[in-house]
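# Close look at the chain arrangement
The primary structure of each chain is shown beneath.
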Amino acid sequence: AVMLLAVPFLALAQADLTGLQVIENVYNRPVGEDMQGDLIMTLTNSRGESRIRKIKQFTKDFGKIEKKIMFFEYPADVRNTSFMTWGYDEAGKDDDQWIYLPALKKVKRISSDSKADYFMGSDFTYDDLGDRHPSDDIHKIVREETIDGSPCYVVESKPRDPEYMYSKTVSWVIKDKWIGLKKEFYDEDGAHLKTLAVKKYEKISGFWIILHSQMHNVQKGHTTDMELKSVKVNSGINDRQFSERMMKRGL
């Protein structure tokens, strides 16, 4: 009888989740104190022609701030370019982002007006590369679906700011792992603009880490693959790694 009682209770506990709680669980999913790896970015145009970029990426959690820095290593035309994001846990506080272009020999801050620009020819905007705070949107669970054997909540998120670049996003979130497996982005006119799909994830040092994601711009027929290799979690990255000085200095 105890087992029988436990089952409906479990179902009830799951059903009580709100759309906001689902997105908060994704936002707060533990990924370790720090992480580093080699990022392979593949840009493929509508004719199927690809360009590859190789990047070293470092991320560290500073409590209320998460800092991320990327150094481009290949090809030659983007070598020594670096990009840094500081994401804040505080609701309503925008990410700070900077880019270093070696030709200009100076670090440029990404203004809020430029957050909708595409990053280094990819299908990710500067805003996509930051961590959007759950309170920036109004979320609701619209249905549940199973993708590749993983039961997911499907959550529709609409921005509180009417000027925001997307009119809404729809996310498929794996119930027990809190990984956003798929996300659709809709443009200002409400048309489907692009889809982010997670192709590979696995447990590394006890944390679920996304290793391959693909952003497909359905309007342009352009895709960007991001593959993370040689991942190290909790390796003890120096706090000083995340500064404008390091952006200029490079690896």
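Here is a short report on the structure shown in this document.

Each helix and strand in the chain was counted, giving 4 helices and 13 strands. Radius of gyration (C-alpha) of the chain: 19 Å, near the 18 Å computed for a compact globule of 251 residues. Taken over the C-alpha atoms alone, the chain extends approximately 70 × 45 × 35 Å along its principal axes. Burial statistics for the chain: of 251 residues in total, 45% are counted as buried. Taking the intrachain contacts of the chain between residues at least 6 apart in sequence as the baseline, contacts between residues at least 24 apart amount to 45%.

A separate point is the packing of aromatic side chains. Applying the stated criterion to the full structure yields 11 aromatic pairs. With a centroid separation of 5.6 Å and an interplanar angle of 70°, the aromatic rings of Y201 and W208 are classed as edge-to-face. Residue Y201 is classed as partly exposed on the basis of its relative accessible area of 23%. The rings of F72, F83, F119 and Y126 are connected pair by pair, giving a single aromatic cluster. Seen from the ring of Y74, K54 lies directly overhead, with NZ or CZ sitting 5.3 Å from the centre.

Moving on, we get to unusual backbone geometry. Here the bond from Y74 into P75 is cis, since omega is 0°, no more than 30 degrees from zero. You can see P75 is positioned in the loop between β3 (65-74) and β4 (82-88). The phi dihedral of N234 is positive, around 55°, even though this residue is not glycine. In this fold, N234 is placed in the loop between β13 (222-233) and α4 (244-249).

To continue, consider the nonpolar core. Formed by 30 residues in total, the largest nonpolar core has its most connected members in F83, I99, F119, I209, L228, V231 and V233. Within the residue set of this core, elements represented by two or more residues are β1 (34-44), β3, α3 (126-129), β11 (192-204), β12 (207-217) and β13. Apart from residues lying up to four places away in sequence, I99 is in contact with T81, S82, F83, K106, V107, K108, I110, F119, M120, Y126 and M247.

Both faces of the sheet carry side chains from a regular strand, because those side chains alternate between them. Bridging between strand β7 (residues 137-147) and strand β8 (residues 150-159) involves 10 bridges; their strand directions are antiparallel. Residue E145 lies in a different strand from β8, and its bridge partner there is C152. What sits between β7 and β8 in their antiparallel hairpin is a turn of 2 residues, with D148 showing a positive phi close to 50°.

Looking now at the pattern of salt bridges. A full pass over the atoms with the stated rule returns 11 salt bridges. One salt bridge connects K60 with D239, and the closest N-O pair in it is separated by 2.7 Å. With K60 in strand β2 (residues 50-61) and D239 in the loop between β13 and α4, this pair connects stretches of sequence that are 179 residues apart. For K194, the salt bridge is made with D128, and the minimal N-O distance between the two is 2.7 Å. On the criterion of sequence distance, the pair formed by K194 in strand β11 and D128 in helix α3 is long-range, its members being 66 residues apart. Each of R132, D136 and D137 takes part in a single network of salt bridges with overlapping partners.

Among the surface-exposed residues, E33, D61, D89 and D131 lie close enough to one another that they form a single negatively charged patch. Relative to the helices and strands, D89 resides in the loop between β4 and β5 (96-101). Here D89 falls in the partly exposed class, since its relative accessible area comes to 36%.

Rules and cut-offs
- Residues numbered from 1 in each chain as written.
- Predicted model: local features only at pLDDT ≥ 70, side-chain atom pairs only at ≥ 80, totals over all residues.
- Heavy atoms only, no water.
- Helix = DSSP H or I, 4+ residues; strand = E, 2+ residues; numbered from the N terminus.
- Rg over C-alpha atoms; globule rule 2.2 N^0.38 Å.
- Buried < 20%, exposed > 50% of the residue type's maximum accessible area, 1.4 Å probe, protein only.
- Contact = heavy atoms within 4.5 Å.
- Phe/Tyr/Trp six-rings, centres within 6.5 Å; stacked < 30°, edge-to-face > 60°.
- Lys NZ or Arg CZ within 6 Å of the ring centre and 35° of its normal.
- Core = buried A, V, L, I, M, F, W, Y, C linked by side-chain atoms within 4.5 Å.
- Pairing = 2+ DSSP bridges.
- Salt bridge = Lys/Arg side-chain N within 4 Å of Asp/Glu carboxyl O.
- Patch = residues over 30% accessible without salt bridge, like charges linked within 9 Å, V, L, I, M, F, W, Y side chains within 5 Å.
- Areas by Shrake-Rupley, 256 points an atom, 1.4 Å probe, with all protein chains shown as cover.
- Lys, Arg positive; Asp, Glu negative; His and termini not counted.
- Charge placed at Lys NZ, Arg CZ, Asp CG, Glu CD.

Function cannot be inferred from these measures alone, as they are strictly geometric.
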